[in-house]
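# Tertiary structure, described
Chain residues, written in single-letter form:
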Amino acid sequence: MVKRRAADNDDNIEMESGSRREGFRLEGSDYDYMYWWNNHQVIFDMFQSEHYYTEDKTLILSYSSESPPGFTLLELLTPTTNRKVQSACVPMNDRLYISSSLYRQQTQTHPFPGSIIHGPCESGEVEGIEYDFAGCFACDFWPPSASSWINRCHSWPDRGVVNEIVRNGCHFVPIGHHLGLHEQEEWRISFSLAEHKLVHSMNHCQFLTYGLLKIFLKEVIDKQSEETNKLLCSYHMKTVIFWVIQQNAVPLWCPQNLLEGFWVCFKLLLKWVYEGVCPNFFIPQNNLFLSKIHGCAQRSLFLVLHGLYEKGLACLLQSPSIKSCITNVLYNPRLSICSNQDRMISECDHDKELFTEIGCNTSYSPQNLDHCIKYLHTIELMIGEPLTQYQVLMLQRSTATILQKTAFTLHNMYTNTGLNKQIYIADRMSYHMLKLTAKFGCISDMMYIAMFYCKTFRYREALYITEMIKVKLAQPGLMYRRHVDPERYTEAVGGQSWSTKMRQAVAHDINLSNYTCYINELRPEQQFALQNNKTKLYIPLFVVLHFVEFLCYRHIDTRLAQTALEELQVLVHHDQGLYVYDLKRDISWEILGICQQMTGNLQAALYSYQQSLTQYPWNKIQTATHTRIRDLHIN
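Presented here is an overview of the structure given in this document. Computed from a predicted structure; not experimentally measured. (Residues numbered from 1 in each chain as written. Predicted model: local features only at pLDDT ≥ 70, side-chain atom pairs only at ≥ 80, totals over all residues. Heavy atoms only, no water.)

Broken down by element type, the chain carries 26 helices and 17 strands. Taken over C-alpha atoms, the radius of gyration comes to 27 Å for the chain, in line with the 26 Å a tight globule of 635 residues would show. On the principal axes, the C-alpha backbone points of the chain span a range of 80 × 70 × 55 Å. Put simply, the chain has 635 residues, and 54% of those count as buried. Within the chain, residue pairs in contact and separated by at least 24 positions form 66% of the contacts whose partners lie at least 6 positions apart. When the accessible surface of the chain is totalled, it reaches about 29700 Å², and 52% of it is carbon and sulfur. Charge-centre separation for the chain: the mean point of 57 positive side chains lies 3 Å from the mean point of 63 negative side chains. (Helix = DSSP H or I, 4+ residues; strand = E, 2+ residues; numbered from the N terminus. Rg over C-alpha atoms; globule rule 2.2 N^0.38 Å. Buried < 20%, exposed > 50% of the residue type's maximum accessible area, 1.4 Å probe, protein only. Contact = heavy atoms within 4.5 Å. Areas by Shrake-Rupley, 256 points an atom, 1.4 Å probe, with all protein chains shown as cover. Lys, Arg positive; Asp, Glu negative; His and termini not counted. Charge placed at Lys NZ, Arg CZ, Asp CG, Glu CD.)

Okay, here's the thing in structure tokens:
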């Protein structure tokens, strides 16, 4: 919400989609993201163009009369300055259309090594976690081809949800129908936003049933046969439960009826596979089975599913994740699944998930002071809105992050102006903002004050802050990333507000926006990373702590500087993932090399830089590393 509201007209908007956005945190779940240009809008008829100023919006017309249901051509109506869109245009019938296949090629960013095109997405894997990035176009209007869905919503979802879904429009992802006349040019209509709203309008039992279907697909159906593995996907499971809920096929959705709800969904899926038709929830004429599930594959899949059907609910026992939860219930019908109170998540485990989510989703990279102010103004307006308790905490953390970026951006603007009064005012304002973040942020937010003092040559003040941070990090109840002692954490902050817990017991790693300078010695890394489209550096908190101590002690006590360097060296060389996360080892080795080079130990620096190059290139600093190696002048 913050990023979208603060976005400039020519910004690229990013949105998480898929199961994680819906609320699932299942083992092995991938990360799905959609992104689109804020200044490009799709419309369905020319009358809708009246809603936009064509001076700052590129309009695109959806033309679907020659495409299969759920697919469309996109005609460029007004000129665009976007080179990727321009390069994807093809002429047809004296008109200019945006080719989906060309657009996929143009927007392939290779965010990580080994990424490939898969369907409409750029896909790959990082540290065992799969990801999908889909470039798309946004539309503020509901597709005419899905108008029947609105009239079909009598009992579910309620009218308020329907109106919100229709008001939010849809997206278009770059993939054509393999039976379409213009497969390489066609786009698929995506209802990702609508599906998100529908999942969040489910009651808890419906949501659990959806999760049960996803686990059953992955751990049971896909394990039955190599021939039928991956024929079904989680989107089919989502479609099944949407239809079952809307058709009132389950009399009462409650925890006691969880298995009954699952069985109704499974039987509908079996029927669809037998008939070879899986109707899209929004456009039923779009058969989701048409591309893969037909002929021999369809028959094989039906036999697999029918074999499971003949086992009854006992087929669920083939799932390792589900077996332990339902064994007693299946063999003793008087028991209820919801009676397992011992399976309730603990306070510590809940907080660990909550603060991990917050840490992953409060990373901002405003490009200049105007952008910072726009973010702050957006947050100011949101504070007056009705917010959930989770949103309040999220906004609190977001405010701290934006204030940090603003403080360093403001200070860097006036550092080299030579205007002493403006430098003094900027200095005081920056310090005030950073001090404010330490009052309502987490423990690691104090690190930005230490970096600011170091950057402004107030080394003793910086070291005073680092000592305070070390005391807080030594607390037995500390929650650092996902590492925490549950008993000590509960003893320290159990029962207190999340805001108090965040201030007193939670620490995250450090994110530095590459648009501004925090530590002068890291400027080359930031500049080269930015050239590689990496807007932030992700650095382990303890690495930054020792780095700042080393930089400060060099001006006060060379002996203590050596001690700080030795502590950093032990950390980088020997940590097993507790304080230095694997994906952040590239920058950790780099920082160690910088410190060693500053002390004149060039051989050690060379080794550290070489180690940095062997790590996963998460921060995209390899060019800076190669430059530093050349500057060592070692034969």
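If a residue is not glycine, its phi is most likely negative; likewise, a peptide bond is most likely trans. Here W156 and P157 are connected by a cis peptide whose omega angle stands at -10°. Secondary-structure assignment places P157 in the loop between α5 (147–152) and α6 (159–168). At N93, a position not held by glycine, the phi torsion is positive, near 55°. Structurally, the position occupied by N93 is in the loop between β6 (89–92) and β7 (95–98).

This part covers the pattern of salt bridges. In total, this model carries 24 salt bridges according to the counting rule given. Where D582 meets R585, a salt bridge forms, and the shortest distance between an N and an O atom there is 3.1 Å. Its relative accessible area of 36% is what places D582 among the partly exposed residues. Three or more residues joined by partner-sharing salt bridges are found here, namely E16, R20, R25 and E357. (Salt bridge = Lys/Arg side-chain N within 4 Å of Asp/Glu carboxyl O.)

Moving on, we get to α6. Where α6 is concerned, the buried positions are V161, V162 and I165. The buried residues of α6 occupy one face: seen down the axis, they fall within an arc of 100°. N-capping of α6 is provided by D158, with a side-chain oxygen placed 3.1 Å from the backbone N of G160. Just downstream of α6, G169 is the residue with a positive phi angle, here 75°. (Arc of directions from axis to C-beta. Polar contact = N/O pair within 3.5 Å; in protein donor to acceptor, adjacent residues only side chain to side chain.)

In regular strands, side chains alternate between the two faces of the sheet. Every second residue of strand β17 (residues 536–539) is oriented toward a common face, with K536 and Y538 on one face and L537 and I539 on the other, all of them buried. Pairing geometry for strand β16 (residues 510–513) and β17, over four bridges, is antiparallel. Residue pairing in the sheet places L512 in a bridge with L537 of β17. (Pairing = 2+ DSSP bridges.)

Moving on: the environment of V484. Mapped onto the fold, V484 is located in the loop between β14 (479–480) and α19 (486–493). Not counting chain neighbours up to four residues away, the residues in contact with V484 comprise C348, K352, G477, L478, M479 and Y489.

A separate point is the sheet that holds strand β9 (residues 121–126). Spatially, five strands are ordered β1-β2-β10-β9-β8 in an open sheet, and the strand pairing comes out mixed. Looking at the sheet topology across the chains shown, the edges are occupied by β1 (12–17) and β8 (116–118). Averaged over all pairs of adjacent strands, the angle between strand axes in this sheet comes to 30°, irrespective of strand direction. The sheet contact formed by β1 and strand β2 (residues 31–37) spans six bridges and is antiparallel. Paired with S17 across the bridge in β2 is D32. (Axes fitted to C-alpha atoms, helices over the stretch in contact; angles between N-to-C directions.)

To continue, consider the packing of aromatic side chains. This structure, assessed with the given rule, holds 38 aromatic pairs. Ring centres of W149 and F281 lie 6.4 Å apart, and the angle between their planes is 70°; on these two criteria the pair is classed as edge-to-face. Placement of W149 in helix α5 and of F281 in the loop between α10 (258–275) and α11 (295–310) is noted, with a sequence separation of 132 residues between them. Here the two residues W149 and F281 agree in accessibility, since each one is buried. Ring centres of F408 and Y518 lie 4.6 Å apart, and the angle between their planes is 45°; this geometry places the pair in the tilted category. One end of the pair, F408, is in helix α15 (residues 389–414); the other, Y518, is in the loop between β16 and α21 (523–531), with 110 residues separating them in the sequence. Accessibility assignment for this pair places F408 and Y518 in one class, buried. A connected cluster of aromatic rings, assembled from ring pairs, spans W142, W149, W156, F191, F242, W243, F281 and F282. (Phe/Tyr/Trp six-rings, centres within 6.5 Å; stacked < 30°, edge-to-face > 60°.)

Time to look at helix α26 (residues 622–632). Within the span of α26, buried status applies to A624, T625, R628 and L632. Seen along its axis, α26 keeps its buried residues to an arc of 100°; they face one direction. Where the residues of α26 are buried, they touch α21, α24 (585–598) and α25 (602–614). Phi turns positive one or two residues past the end of α26, at H633, with a value near 55°.

Quick look at the nonpolar core now. Within soluble globular proteins, side chains that are nonpolar generally end up buried alongside one another. The biggest cluster of nonpolar side chains holds 84 residues, and the ones touching the most others in it are I98, L232, F282 and L305. No other element matches α10, which puts twelve residues into this core. Aside from chain neighbours lying at most four places away, what touches F282 is W142, S145, A146, W149, F191, A194, E195 and L198. (Core = buried A, V, L, I, M, F, W, Y, C linked by side-chain atoms within 4.5 Å.)

Its location among the elements puts L583 in the loop between α23 (558–574) and α24. According to the relative accessible area criterion, L583 is buried, its value standing at 5%. Sequence separation of L583 and W618 is 35 residues, and the distance between their C-alpha atoms is 5.8 Å. When residues no more than four places from it in sequence are discounted, the contact partners of L583 are V126, E127, Y616, W618 and N619.

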